[in-house]
Amino acid sequence: MESEQTTASKIAAKATRRDTTAVGEKSHIAMQLTDVEAMYGNFRAVNKVSLEIEARSVTAFIGPSGCGKTTLLRTLNRMHETLPGATVKGSIEVSGVNLYGSSIDPVRVRRSIGMVFQKPNPFPAMSIAQNVASGLRLSGMKANKKVAEIVEESLRKAALWDEVKDKLNEPGISLSGGQQQRLCIARTIAVEPEIVLMDEPCSALDPLATLKIEELIGELKTKYTIVIVTHNMQQAARVSDTTAFFNMGPDRGGFLVETGPTTKIFTNPTNKLTEDYIAGRFG
Amino acid sequence: MNQAPLPNIRLDFSLTPHDIRRRRVNQIMLRIIQAAAIVSVVPLFTILFVIFSKGLPQLGLSFLLNGPLEQPTGIVNAIQGSLVMTFIAIIAAAPIGIGGGIYLNEYASTRVARIGELFIDIMLGVPSILAGLFAYFALVPILGHSGWTGSIALTVLMVPVVMRTTQEVLRLVPAGLREASLALGVPLWRTTIFVTCRTALSGIMTGVVLAISRGLGETAPLLLTSQTSNDVSINLGQPMNAMTVVIYQNATSSDPQIVATAWTTALVLFVVALILNVSVRFKTVNNRVF
Amino acid sequence: MSEAPSFRRSRLSGELPFRILTLGSVLLAAALLFTLVAVIMEKSLILWPVEAPLTFLTSSGWFGSTAPSGVITAAFGALPMIWGTLVTSLIGIAVAAPIGIFAAIYLVELAPKRLAAPLTFLVEIVAAIPSVVIGLWALGELSPRLRDSIEWWVASTVGQFIPWLSEDPQQPSDTSVFRSGIVLAIMITPMVAAVSREVIRSVPQSLREGLVGMGATKWETIRLVILPTAKVGLLGAVLLAFGRAIGETIAVRLTIGMNISEIPPTLFQPGSSIAAQIAGAFGEASPIEKGALAGLGLSLFILTLTLSLIVRLLMWRSANRMGART
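Cut-offs and rules
- What you see as residue numbers is a count from 1 along each chain, following the sequence as written.
- The naming scheme follows written order: chains are lettered A onward, ligands numbered 1 onward.
- The model is predicted, so local features are restricted to residues of pLDDT at least 70 and side-chain atom pairs to those at 80 or more, both for listing and for counting; the totals for chains, interfaces and linings are taken over all residues.
- No hydrogens and no water enter the side-chain calculation; it runs on all heavy atoms of the structure.
- Only DSSP runs of H or I reaching four residues or more are called helices, and only runs of E reaching two or more are called strands; each is numbered from the N terminus.
- It is over C-alpha atoms that the radius of gyration is taken, and the globule rule equals 2.2 Å times the number of residues to the power 0.38.
- Throughout this description, buried means an accessible area under 20% of the type-specific maximum (1.4 Å probe, protein chains only), exposed means over 50%, and partly exposed covers the range between.
- When checking whether two residues touch, look at their non-hydrogen atoms; a contact exists if any pair is within 4.5 Å.
- With residues, only the protein chains shown are counted as cover, and all accessible areas are computed by Shrake-Rupley using a 1.4 Å probe.
- By the counting rule applied here, Lys and Arg register as positive and Asp and Glu as negative, while His and the ends of each chain are not counted.
- Lysine's charge is taken at NZ, arginine's at CZ, aspartate's at CG and glutamate's at CD.
- Here, expected helix span is obtained from the residue count minus one, scaled by 1.5 Å.
- Along the arc lie the directions from the helix axis toward the C-beta atoms.
- Definition of a polar contact: a pair of N or O atoms within 3.5 Å, with one able to donate and the other able to accept a hydrogen when the atoms are protein atoms, and with sequence-neighbouring residues admitted only if both atoms are side-chain atoms.
- In this analysis a 1.4 Å probe is tested at points of a 1 Å grid over the protein atoms alone, and where it fits but cannot get out there is a cavity; an open set with protein on both sides within 12 Å along at least five of seven lines is a pocket; lining residues have an atom within 4 Å of a point.
- Grid points are joined across faces, edges and corners, and a volume is the space filled by probe spheres set on the points.
- Residues are grouped as follows: Ala, Val, Leu, Ile, Met, Phe, Trp, Tyr, Cys and Pro are nonpolar; Asp, Glu, Lys and Arg are charged; every other residue, Gly included, is polar.
- As used here, buried area is the combined drop in accessible area, with a 1.4 Å probe, of two parts when they are placed together.
- We count a salt bridge whenever a side-chain nitrogen from Lys or Arg sits within 4 Å of a carboxyl oxygen from Asp or Glu.
- Residues belong to one nonpolar core when they are buried, are Ala, Val, Leu, Ile, Met, Phe, Trp, Tyr or Cys, and are joined through side-chain atoms within 4.5 Å.
- Here a pair means two rings of Phe, Tyr or Trp (six-membered ring of Trp) with centres within 6.5 Å. Their orientation is stacked below 30 degrees between planes, edge-to-face above 60, and tilted elsewhere.
- Ring-over charges, as used throughout, are those where CZ of Arg or NZ of Lys falls within 6 Å of the ring centre and within 35 degrees of the ring normal.

A. Up close: the overall build of chain C. A count of helices and strands for chain C gives 11 helices and two strands. Taken from N to C terminus, the helices and strands of chain C fall in the order α-α-β-β-α-α-α-α-α-α-α-α-α. Relative to the globule expectation of 20 Å for 326 residues, the C-alpha radius of gyration of chain C, 25 Å, shows a markedly less compact shape. Overall, chain C is about 80 × 70 × 30 Å in size when its C-alpha atoms are taken along their principal axes. Buried positions account for 60% of the 326 residues belonging to chain C. Long-range contacts, defined here as pairs at least 24 residues apart, represent 74% of the contacts in chain C between residues at least 6 apart. Accessible surface for chain C amounts to roughly 13400 Å². Of this, 67% is attributable to carbon and sulfur atoms. Between the averaged position of the 23 positive side-chain charges in chain C and that of its 19 negative side-chain charges there is a distance of 15 Å.

Here it is as structure tokens:
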């Protein structure tokens, strides 16, 4: 009873959320990073990053290994701090609220800011449908018709429905690597997050599967704000609207070199470092 | 993209009643899990406390060096018996266990190795009383109630411990090491001894020490085989005392002095078991075998 | 060309003996196991004409003598011992499984990094204490306390309605089936914890992150991802510990009592177990009784053998399952 009520009120809240635009805010900014630093114990993996992430577009983080791009990505939904000894400084504001504010529950943050991981990680003890519904289960929804509808819709959005519609009850790990990753995307968008973080989502996949995921990203950005970390510069050029280039400093901590529209970063970068990296002179 | 511009993102991180309930459930369950961890170490401290408080008063050099019939009474014969029988048993069990572990990991086909694994499992699962029963039936008619029969009963229990550990640690030796040696033209058996086994030596020794620890801690098989004796002697042809047997036999006595001997012997045995296990523990804490 | 044959021969010079030696070790170990079973079987043969296997397993009573005329009068029933073995082990595992698994979860998932290693050591070191030491402690310290606390409390509340939880109708004894079960719980908890820890550790980190990244609490991650993924392995851990409990001799012998003739009407009365009975009755056993004890040993072996086989099958399955694309 109570949980149904909760769900209903949440859906209502979501409806109003879409219709209001706060006056006086820059309408296109999804996340505002100010002096974000990520530490592992005493090691500073990310040095003071300030960055704006545009809403409903794809932002790519690129840079050589060890430049802190994945670490920074993991600060955006407070995943970083789940590792032992890991801490974050600075502020990340989403619609005027600092994610690291004292009243914010990190668990709650992660529901609205979803994450797709480097290695496809469907839950082995769950079927395909259960995998997609796992986030709904967390928010208290029991398996019913509504859930089945959301599962189907999410799988359609993730371009996986036609491949799995006849075997929804088979284990998620029975799928191929590319399908598994799309299943993970479906799982992430099933809970209607506003922002989806992707940590090198194609690095474990073959070229064909990669292409499918990239197409999918293009479709998803009309609805979601996407931040993607990638090793692959061509991928960043293909899928992203904005690119942020990171590098590793002399103290082995990562820092933001420059950010801008992807076309500009790839054709006419301001910084010499970026130019060298794009040209493949290091990294 | 000719659609009307979408409204700005509005995220609301406030908690629904459901979220608050989840948070509470989480806190309660984590407390319960923590409590389970605490509960599981309580017996250790209780046992430690009781053994020390009851065993320490009688502990002294004379307790360790005197025989049971001397005044003050001691358990030197039991200590000797435990050590001698365990020593004989490990002399027999270590080569069999190590050799078998080597064969199963280095030579056997996958199928044979799997069958071997199953065999070790079954042997590890054999209750110690059955090893005693076996030695009693098969060997007491020949060797009598003696240190020898006790040692053989212990051997049966130690072999699978050594073999399992050997097999497990050899499996952890990187294939690259073997191949590097084989590529130099070193024959397989020499590679196995001088490269593979040497690399895994500390792990293999762990298995041997664990087996010794098991041998020193066994009671039931010795009750049926070496039985007990008051003689201070290391003659394996006669019945022999052991620390575990002393504890067992004195435990049920109504004479507080005899029970005190059981506690003090338990203290000695406990300290020995602890030293043996601590010595191998820190090396193997992350790849222990079961 | 001429070098090749001599080269091959020198290679073989040590190879064959070494192979034979190591293979011999395996065969010797296997032979030990086979002989053990064969000897116990052979010694039990004397019993079967007197007491058919099925009757032996399903009846009560422990009596046998050989008259000077050679006539054997005997009635041997293993039922009370089998009952005692299973009930004590079930009590033990019922307590040890949740505590051991939760302790393992704490050690792997929750313990602060610095605390994890020493705490793991403390939890698992109990397994290294010789069972006779635990038995001594249980007999002298734990048993009377259990009798005066939990047993008394249960008997005077629930025991009013459930007969087998009621008070010992005779005066409270020093020993009882329930107390043996608790002692077993203490002995096998570290084993459950140790094996569970391995199993839980082998759940890939990426799975934990998957659910945490969707906004799951720690407990939800444990309940929805870790426990289901580790399910088979955890079952293996529990069964392994159950097998250990079934075979435990000395600690049970010291705490269960020596009630061999019947299944005790309440858990708070003395009983017996297979292993305890073998250890306790052996000294003065007549030849026919020794046969009966061998029969007990055989049933014990079959019990533990079955468990070992199940556990190994589960472990293989669990390894396949977690190794598959995760």
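Next comes the rest of the write-up.
B. Geometry of helix α5 (residues 145–157) of chain A. All names here are of chain A. Its 13 residues place the ends of α5 18 Å apart at the C-alpha level, agreeing with the 18 Å of an ideal helix rising 1.5 Å per residue. All buried positions along α5 are accounted for by Val147, Ile150, Val151, Ser154 and Leu155. Across the axial projection of α5, the buried residues extend over an arc of 130 degrees, all falling on one side. Of the surrounding secondary structure, the elements contacted by the buried residues of α5 are α4 (128–138), α6 (161–164) and α7 (177–189). In this structure Asn144 caps α5, since a side-chain oxygen of it lies 3.1 Å from the backbone nitrogen of Lys146. Once α5 ends, the next one or two residues include Ala159, with phi positive near 55 degrees.

C. Empty space enclosed by the protein, seen in detail. Residues and elements named next belong to chain B. One pass over the full model with this rule turns up two cavities of 30 Å³ or more. By volume, the largest cavity amounts to about 50 Å³. If you trace the largest cavity, you find it lined by Asn77, Ser229, Asp231, Ser233, Asn235, Gln238, Pro239, Met240 and Asn241. Tallied by class, the residues present in the lining of the largest cavity amount to two nonpolar, six polar and one charged. Considering the residues around the second largest cavity, the lining is formed by Gly81, Ser82, Met85, Thr86, Leu154, Gly215, Leu216, Glu218, Leu222, Ala242 and Thr244. At the level of secondary structure, the elements contributing two or more residues to the lining of the second largest cavity comprise α3 (76–107) and α9 (201–217). If one sorts the elements of the lining of the second largest cavity by residue count, α3 sits on top with four residues.

D. Up close: the interface of chain B and chain C. Across the boundary between the two partners, chain B contributes 82 residues, which contact 81 residues of chain C. Of the roughly 7500 Å² buried where chain B meets chain C, counting both sides, 79% is carbon and sulfur surface. Connecting chain B to chain C are four salt bridges. Where Glu220 of chain C meets Arg22 of chain B, a salt bridge forms, and the shortest distance between an N and an O atom there is 2.6 Å. Linking chain B to chain C there are 12 residue pairs in polar contact (both at pLDDT 80 or more). Residue contributions to the side of chain B that touches chain C peak at 21 residues, all from helix α1 (residues 17–55) of chain B. Grouping the amino acids of the side of chain B that touches chain C by side-chain chemistry returns 59 nonpolar, 15 polar and eight charged.

E. Structural context of the layout of surface pockets. The calculated volume of the second largest pocket comes to roughly 1100 Å³. Thr82 and Pro84 of chain A together with Glu109, Leu110 and Lys218 of chain C are the residues nearest the centre of the second largest pocket, which is lined by 44 residues in total. Sorting the residues of the lining of the second largest pocket by element identifies α3 (106–112) of chain A, α1 of chain B together with α3 (79–110), α4 (113–125), α6 (177–201), α7 (205–212) and α8 (218–247) of chain C as the ones contributing at least two each. Counting residues per element, the lining of the second largest pocket draws most heavily on α1 of chain B, which supplies six residues. Of the residues in the lining of the second largest pocket, the class split is 20 nonpolar, nine polar and 15 charged.

F. Seen up close, the side chain of Thr210 of chain A. All names here are of chain A. Note that Thr210 resides in helix α8 (residues 207–220). A distance of 2.8 Å separates the side chain of Thr210 from the backbone oxygen of Asp206, its partner in a polar contact. The contacts of Thr210, once residues within four sequence positions are left out, are Cys202, Leu205 and Gln235.

G. Representation of the side chain of Ser240 of chain A within the structure. Residue and element names in this part refer to chain A. Structurally, Ser240 can be placed in the loop between α9 (233–239) and β9 (242–248). Side-chain polar atoms of Ser240 contact the backbone oxygen of Ala236, separated by 2.6 Å. Side-chain polar atoms of Ser240 contact the side chain of Thr243, separated by 3.3 Å. Other than its neighbours up to four places away in sequence, Ser240 contacts Val58, Thr59, Ala60, Gln235 and Thr262.

H. Structural view of the nonpolar core. Ranked by internal contacts, the top residues of the largest apolar core, which has 190 residues, are Ile129 and Leu130 of chain B together with Trp62, Ile278 and Leu296 of chain C. Other than its neighbours up to four places away in sequence, Leu130 of chain B contacts Leu36, Ile40, Gly297, Leu300 and Phe301 of chain C. Judged by nonpolar contacts, the second largest core, of 45 residues, contains Met198, Leu205, Ala236 and Phe245 of chain A.

I. Summary view of the interface of chain A and chain C. Listed as interface residues are 30 residues of chain A and, on the opposing side, 22 residues of chain C. Interface of chain A and chain C: buried area, both sides summed, is about 2100 Å²; carbon and sulfur atoms make up 65% of it. In terms of surface lost to chain C, no three residues of chain A exceed Phe123, Pro124 and Leu138 of chain A, which account for 27% of the buried area on that side. Residue Glu209 of chain C pairs with Arg74 of chain A through a salt bridge whose shortest N-O separation is 2.6 Å. Where chain A packs against chain C, one counts two residue pairs in polar contact (both at pLDDT 80 or more). Sorting elements by how many residues they give to the side of chain A that touches chain C places α4 of chain A first, with four residues. Classifying every residue of the side of chain A that touches chain C by side-chain character gives 15 nonpolar, nine polar and six charged.

J. Looking closely at the packing of aromatic side chains. This structure, assessed with the given rule, holds 12 aromatic pairs over all chains. Consider the rings of Tyr103 of chain B and Tyr107 of chain B, whose centres lie 6.1 Å apart with planes at 20 degrees: the pair is stacked. Placement of both Tyr103 of chain B and Tyr107 of chain B in helix α3 is noted, with a separation of four residues, approximately one turn of the helix. Relative to Phe18 of chain C, the ring of Trp189 of chain B has its centre 6.3 Å away and its plane inclined at 40 degrees; by these criteria the two rings are tilted. With Trp189 of chain B in helix α8 (residues 188–199) and Phe18 of chain C in helix α1 (residues 3–44), the pair connects residues from two separate chains. By way of ring pairs, the aromatic residues Tyr103, Tyr107 and Trp189 of chain B together with Phe18 of chain C are connected into one cluster. A cation sits over an aromatic face here: Arg114 of chain B above Trp316 of chain C, 4.2 Å from the ring centre. Taking the ring centre of Trp189 of chain B as reference, the NZ or CZ of Arg190 of chain B above it sits at 5.6 Å.

In short, geometric facts, not functional conclusions.
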